[in-house]
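A structural walkthrough
What follows is each chain in one-letter form.
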Amino acid sequence: MPEPADIVPALLTAAQLTVSDTELATFVRDYPLVRQGADALYLLDLGADEPAIRFDPLDFYPAGKEA
Amino acid sequence: MLPITIKDAAAALRDGSITSTALTQQILDKATALNPALGAYVEITTEAALDQAAAADAALAAGEDHGPLQGIPLAIKDIIALEGTPTTANSRVLAPDWNGGVDAPVVSRLRQAGAVFVGKATTSEFAIGLPDATKGFPVPHNPWNVEHTPAGSSSGTGIAVAAGLALGGLGTDTGGSVRGPAAVNGHTGLKVTFGRVPKSGVVPLGFSLDSIGPMARSAWDCAALLEVMAGYDVTDPNSAQQPVPAYTGLLDGSVDGLRIALPTSYFFDHEQLDPEMHDAVLSAVKQLVGLGASSSEVELAHAAEAKDANHIILVAEAYAYHRNNLVNRWTDYGVHTRPTLARGAFYNAGDIAQAERFRRYFARQVAALLDEYDVIITPAAPTPAERAAELTPSKRLQVPSFTGHWNLTGLPAVAVPVGFSTSGLPLSMQIIGKPFAEGTVLKVADALQRVSDWHLAVPPVGTLAA
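Fair warning: this is a prediction, and the values are worked out from it, not measured in the lab.

Structural notes on the UniProt feature "domain: Amidase" (unreviewed entry) in chain B
According to UniProt, the "domain: Amidase" (unreviewed entry) feature falls on residues 23-442 of chain B. As annotated, residues 23-442 of chain B comprises 38% helix and 14% strand, and the C-alpha atoms at either end are separated by 27 Å.

Dropping the structure here:
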């Protein structure tokens, strides 16, 4: 299992972000908490729930929507 | 003595006991004197404010009455475009001519209602950072104790309302940025239903979470502001085509038969919830019950995860907006802003989709609760204002928050003062309602404010004047 000290610099490099050594150390320290927050959302309770995002192509064609 | 509420000032303007010019001049003088100590305003627009005040007086004298906001001095958060002044978002990154010097629709509506703009109020950088004194913008301070935070991101409007540097104003709320400052500065602040107020002309933070809300001493004042602010505008793709009630007319003081849900887990039993906050909120609920409401303890599953889901969606959407500037202008951002925004790089595509799936799940749980109850009540914050020197972006990951849940679910929520801590800092309660039930949450807040006066307390800022 890769450690935060390995993961965080890789993610920052991929994102093209150049940070100071102090900032990097803080990111590495906080990374487990950041991941914990995301991992906690993979709940069985969600079942077949779809993402709460909507894209309606008719939004771009008001006349068509009226029809 | 100056009126401290919009309602009282509106009455005084009409009975001739004060003019808007006199009211505005006194507020401008106070704002100018206290701004070095409190950091409420990025810019005080004295000349324009006095012109607006004179126009309001002339209109009233001519019998033109545009409603209770006419001649009322307001603060506008500096991520909201205001004609004649730059919009800075308290950042070296944003071009000062952002939005082309044109009023945001919400500002235009206030202008047409005859409001007076005292100036651009301090915001956390891009509505997300903590103050960075090296960037040249005012550092905001809590008027009850300048060593403590005024919270963010609508810090300046919160300070201005509390300290009498405006009678009301605009904040924005993506995870609690209206309710947090209202809570710790000791006044009322309403986060509106997503889409209730058009948010075009406002620097975005989290596109699917952002809202513009009124901040003022009382629920009545917030209702008066919302009546003007709310309503569809074609320039905001998320603007709702819902009728706008006469909110002030709904505030009749009655909560008879109101059903209150108190979600115990997380919101009332969290180990980091301050006992004084806990007790003050339950005491206020008891007052509402004494007025004819009923309350029940309920379960709302996965409230802790909801805080994370809101944060993930917020930083993902913010990261999308800021990505190119983060790559090219990292150090132009404040020292506390950039690490929070950069968290967007630490979540993967699946995390974002999962947060959106969780959002639907949690919204359904809340909807089921609001099918049985009229409102949900929680503390507005886990603690009174924290010491400013102790705040860091890292700490924000570790502490509970009770506000982002209602951005995640898009619901209206009002923060209302319910007392003071033994250390002299405001305590606050949050009332949440169904979509577009701003009238209901304001009505409950107003009923409480008819039997309490916490919202009228004025911080002792006189000794801070420059």
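Let's pick the thread back up.
Focus: helix α3 (residues 46-61) of chain B
Residue and element names in this part refer to chain B. Over its 16 residues, α3 extends 22 Å from the first C-alpha to the last, a length consistent with the 22 Å expected when each residue adds 1.5 Å. All of the buried residues in α3 are A49, Q52, A53, A56, D57 and A59. Looking straight down α3, one finds its buried side chains confined to an arc of 165°; they lie on one side. In α3, the exposed residues that point more than 90 degrees away from the buried face are E47, D51 and A61. Contacts from the buried residues of α3 go to α1 (6-15), α2 (20-38), α4 (105-112) and β3 (116-121). Just downstream of α3 lies G63, where phi reads positive at about 85°.

Digging into the interface of chain A and chain B
With 32 residues of chain A in contact, the opposing surface of chain B contributes 33 residues. When chain A packs against chain B, close to 3000 Å² is buried across both sides, 61% of that on carbon and sulfur atoms. Our count for the chain A to chain B interface comes out at three salt bridges. R364 of chain B serves as the salt-bridge partner of D49 of chain A, at 2.4 Å between the closest nitrogen and oxygen. Linking chain A with chain B are 16 residue pairs in polar contact (both at pLDDT 80 or more), by the criterion used here. Of all the secondary-structure elements, those providing two or more residues to the side of chain A that touches chain B are α1 (4-14) and α2 (21-39) of chain A. Considering every element that reaches the side of chain A that touches chain B, the biggest residue donor is α2 of chain A, with 11 residues. Broken down by class, the residue content of the side of chain A that touches chain B amounts to 20 nonpolar, five polar and seven charged.

So, how was this worked out
- Residues numbered from 1 in each chain as written.
- Chains lettered and ligands numbered in written order.
- Predicted model: local features only at pLDDT ≥ 70, side-chain atom pairs only at ≥ 80, totals over all residues.
- Heavy atoms only, no water.
- UniProt positions renumbered as here; feature names shortened; annotations may be inferred.
- Helix = DSSP H or I, 4+ residues; strand = E, 2+ residues; numbered from the N terminus.
- Expected span 1.5 Å × (residues − 1).
- Buried < 20%, exposed > 50% of the residue type's maximum accessible area, 1.4 Å probe, protein only.
- Arc of directions from axis to C-beta.
- Contact = heavy atoms within 4.5 Å.
- Buried area = accessible area lost by both parts, 1.4 Å probe.
- Salt bridge = Lys/Arg side-chain N within 4 Å of Asp/Glu carboxyl O.
- Polar contact = N/O pair within 3.5 Å; in protein donor to acceptor, adjacent residues only side chain to side chain.
- Nonpolar A, V, L, I, M, F, W, Y, C, P; charged D, E, K, R; others polar.

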